[in-house]
There are 2 protein chains.
Amino acid sequence: MGAALRSIDDVGTIACVGAGTIGGGWAAYFLARGHRVRIWDPAPDAEERLRRLIDAAWPALEQLDMLDGADRRAWSVHTDLAEAVDGVGFVQESAPEDLALKRRLLEDLDAVTAPDVVVGSSTSGFGMTEMAAEVARPERFVVGHPFNPPYLIPLVEVVGGERTAPEVVDWAAAFYTALGKSVIRMEREVPGFIANRLQEALWREALHMVDNGEATVEQIDRSIRDGPGLRWPMHGPMLTFHLAGGEGGMAHMLDHFGPSLKSPWTRLEAPELTEQLRAGVVAGCDAASDGRSVAELMAERDAGIIAIRRLLGDAQPLGDAQPLGDAGQGAS
Amino acid sequence: MGAALRSIDDVGTIACVGAGTIGGGWAAYFLARGHRVRIWDPAPDAEERLRRLIDAAWPALEQLDMLDGADRRAWSVHTDLAEAVDGVGFVQESAPEDLALKRRLLEDLDAVTAPDVVVGSSTSGFGMTEMAAEVARPERFVVGHPFNPPYLIPLVEVVGGERTAPEVVDWAAAFYTALGKSVIRMEREVPGFIANRLQEALWREALHMVDNGEATVEQIDRSIRDGPGLRWPMHGPMLTFHLAGGEGGMAHMLDHFGPSLKSPWTRLEAPELTEQLRAGVVAGCDAASDGRSVAELMAERDAGIIAIRRLLGDAQPLGDAQPLGDAGQGAS
């Protein structure tokens, strides 16, 4: 990239461009991590919405990720974009999920932001190649996709566009990691990235079931909440099926249930279960097991499920529940 | 149904027919709930596998669902089916997921089981109509589909076949509920029921992504584990999206992101987002909110995510991790 990137330790003030549920959630998190935040949001009630969102998020942040000396008042709202990004060390864009709007906004951002500053976008599905098509310095634009609420969910998906500088993708991954996030760095642009593709597949099947009168919204939610949803915080879907295979693990699952992939359970077209796919999935689960036997993983899973089930009963809401305003850019 | 059903309080001894991961897990749970268990399993090592599975499950059961006076030794293994079901008040069938095998087994079970005894099947996808096609008393056969591990996951999907007596479906739903389970009673036979259809959609998309080199197994698991998976134990996918819509809730989500259902994010064919579907989903979320505002649900969600993230760090495996044997019937 043209200008040298600054050290992650020197980021200092961060600009949040767009402050709906996601942009505002990012602002609260950046504040909790000791950064000053300058917010650009054209809405007349932006400041009031921000205050309510930060007040609602702060007690949660105090319990998990807050650094000493974090100042919940170290933020300002600006209606002028150049003023908002003046002197900042990083920009997080969280505007509404509208491609034309984001293309114009990134072009404006590029024109007013110092050349050595990286710009991350919270887009939940667009690729940076299409979003940054018109900017003069595409090399410093990268996707940093969070999950709702950004001040509590660790996952951030990081992926560059065709013209993003590789060192910028490296820098963003290192920055979000230093910020305390769980970063997935993708090597390729995939619409919807990873987690949203998976959520979307489940979501679409749920809509089909509601549409066909096969299940109610409550049944769909409870089927996940009291079922597979109790396992996924410990192990994702792959390792979960690996355990369902017993001692045989994923290999047993694929050999035993592979044929059922052809069954008409979902409207999702099934892939060909090739030897290569089978080998790749089995190897991936072996790697993910990281030396832990199926029995050890089961004991780990059981301990986690017990703890989750116990605490969900007494989990109390934190602080005063305040309306947080409209979603704006809606990462799901 | 011909014979009068016995009272749920008089079930007493339960027969577990098939004792792999699922059948054995059911046996451990029934024991923990104070029942005696008679197990039918033709495998020569069945008794040894059962002992290891029950030893591994017991410490977990002691922490959650065990009733006073539960006796971990109150079980016996039988190779003769008639002997296994002799004098029992309920039968849980958990044989391998093979339709021909299950049809023969249910026919044999029907012949040797007292007429007033209900038979529940752990099948993870077959309908009771096809499974009980050959039995003389189809009215007492019902699906009671658990999730792995059956001794910890609360969900049980209950659905009858075309010839199942409605009072038997009522009885099974009441029985599993009295047993401490979270019962979803389905009014229609749907292949894969509800949770497995949703899991399967996610699972298939994951396989496509691995197959296309779009994501690794580890990225797929972490994308759920550190992302949406931290929300689902509190709220299922529908209420989760309801919250992602901010104050506008699900209505905002559908109006704002409805068009993206047409985007090529998954290989799952998208349903037509009709006014009726929209209204049904919105109404379902309003009902699920049960008077709680979006802000209240957010505070509830946040408290839960904090607690889960905190405890997952210190969740310790319980007891000695012992291999639990092959999956046998593999509910996932």
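Residues numbered from 1 in each chain as written. Chains lettered and ligands numbered in written order. Predicted model: local features only at pLDDT ≥ 70, side-chain atom pairs only at ≥ 80, totals over all residues. Heavy atoms only, no water.

For chain A, an unreviewed UniProt entry supplies the name 3-hydroxyacyl-CoA dehydrogenase NAD-binding domain-containing protein and the organism Nesterenkonia aethiopica. According to its UniProt record, chain A has this under Sequence similarities (unreviewed entry): "Belongs to the 3-hydroxyacyl-CoA dehydrogenase family." In its Pathway (unreviewed entry) section, UniProt records this for chain A: "Lipid metabolism; butanoate metabolism." (UniProt positions renumbered as here; feature names shortened; annotations may be inferred.)

Colleague: Is there a simple way to think about the sheet that holds strand 6 (residues 141-145) of chain B in this case?
Modeller: By definition, the strands of a sheet pair up through backbone hydrogen bonds, in either a parallel or an antiparallel sense. Residue and element names in this part refer to chain B. Strands sit in the order 3-2-1-4-5-6-7-8 across an open sheet of eight strands; the sheet is mixed. Each end of this open sheet is capped by a strand with a single partner; those strands are strand 3 (75-78) and strand 8 (182-185). Averaged over all neighbouring strand pairs, the angle between strand axes comes to 25 degrees, with direction disregarded. Where strand 6 and strand 7 (residues 155-160) come together, four bridges link them in antiparallel fashion. Bridge pairing in strand 7 places Val143 opposite Val159. The strands that helix 1 (residues 21-32) touches are strand 1 (14-17), strand 2 (37-40), strand 3, strand 4 (90-93), strand 6 and strand 7; relative to strand 1, the one it contacts most, it runs at about 165 degrees. (Pairing = 2+ DSSP bridges. Helix = DSSP H or I, 4+ residues; strand = E, 2+ residues; numbered from the N terminus. Axes fitted to C-alpha atoms, helices over the stretch in contact; angles between N-to-C directions. Contact = heavy atoms within 4.5 Å.)

Colleague: Hey, could you run me through the pairing of strand 5 (residues 118-121) of chain A in this one?
Modeller: Across a regular strand the side chains alternate sides, sitting on one face of the sheet and then on the other. All names here are of chain A. Of the two faces of strand 5, the one lined by Val118 and Gly120 and the one lined by Val119 and Ser121 are each fully buried. Sheet topology note: the strand 4 (residues 90-93)/strand 5 ladder contains four bridges and is parallel. Among the inter-strand pairings, Gln92 is bridged to a residue of strand 5, identified as Gly120. Crossover strand 4 to strand 5 through helix 4 (residues 99-112) is right-handed. The sheet contact formed by strand 5 and strand 6 (residues 141-145) spans three bridges and is parallel. Each residue of the ladder has a partner; that of Val119, found in strand 6, is Phe141. (Buried < 20%, exposed > 50% of the residue type's maximum accessible area, 1.4 Å probe, protein only. Right-handed = clockwise from strand over helix to strand, strands pointing away.)

Colleague: Sorry if this is basic, but what is going on with helix 2 (residues 46-63) of chain A here?
Modeller: Side chains that are three or four residues apart share a direction in an α-helix, a result of its 3.6 residues per turn. Over its 18 residues, helix 2 of chain A runs 26 Å from end to end, which matches the ideal 26 Å to within 8%, given 1.5 Å per residue. At A:Ala57, helix 2 of chain A shows its maximal kink, close to 35 degrees; a proline, A:Pro59, follows between one and four residues later. (Expected span 1.5 Å × (residues − 1). Bend = angle between axes of the 7 residues up to and from the residue.)

Colleague: It is not clear to me how the environment of A:Gly24 should be interpreted in this structure. Could you clarify?
Modeller: Residue and element names in this part refer to chain A. With respect to the element layout, Gly24 can be found in helix 1 (residues 21-32). The sequence separation of Gly24 and Pro149 amounts to 125 residues, and the corresponding C-alpha distance is 9.6 Å. Excluding its chain neighbours within four sequence positions, the residues that come into contact with Gly24 are Ala19, Leu50 and Leu53.

Colleague: Where do I start with the UniProt feature "domain: 3-hydroxyacyl-CoA dehydrogenase NAD binding" (unreviewed entry) in chain A in this structure?
Modeller: Here the UniProt-annotated "domain: 3-hydroxyacyl-CoA dehydrogenase NAD binding" (unreviewed entry) positions come out as residues 13-188 of chain A. Helix and strand shares over residues 13-188 of chain A are 37% and 20% respectively, and the end C-alpha atoms of the span are 30 Å apart.

Colleague: Would you explain the pattern of salt bridges in this entry?
Modeller: Pairing between side chains of opposite charge can happen when their charged atoms approach one another. All names here are of chain A. Within the structure shown, the criterion is met by 36 salt bridges over all chains. As a salt-bridge pair, Arg222 and Glu218 come within 2.7 Å of each other at their nearest N and O atoms. With a gap of four residues between them, Arg222 and Glu218 both fall in helix 8 (residues 217-225), about one helical turn apart. On the accessibility criterion, Arg222 (16% relative accessible area) is buried. The structure contains a network of salt bridges with shared partners spanning Glu47, Glu48, Arg51 and Arg52. (Salt bridge = Lys/Arg side-chain N within 4 Å of Asp/Glu carboxyl O.)

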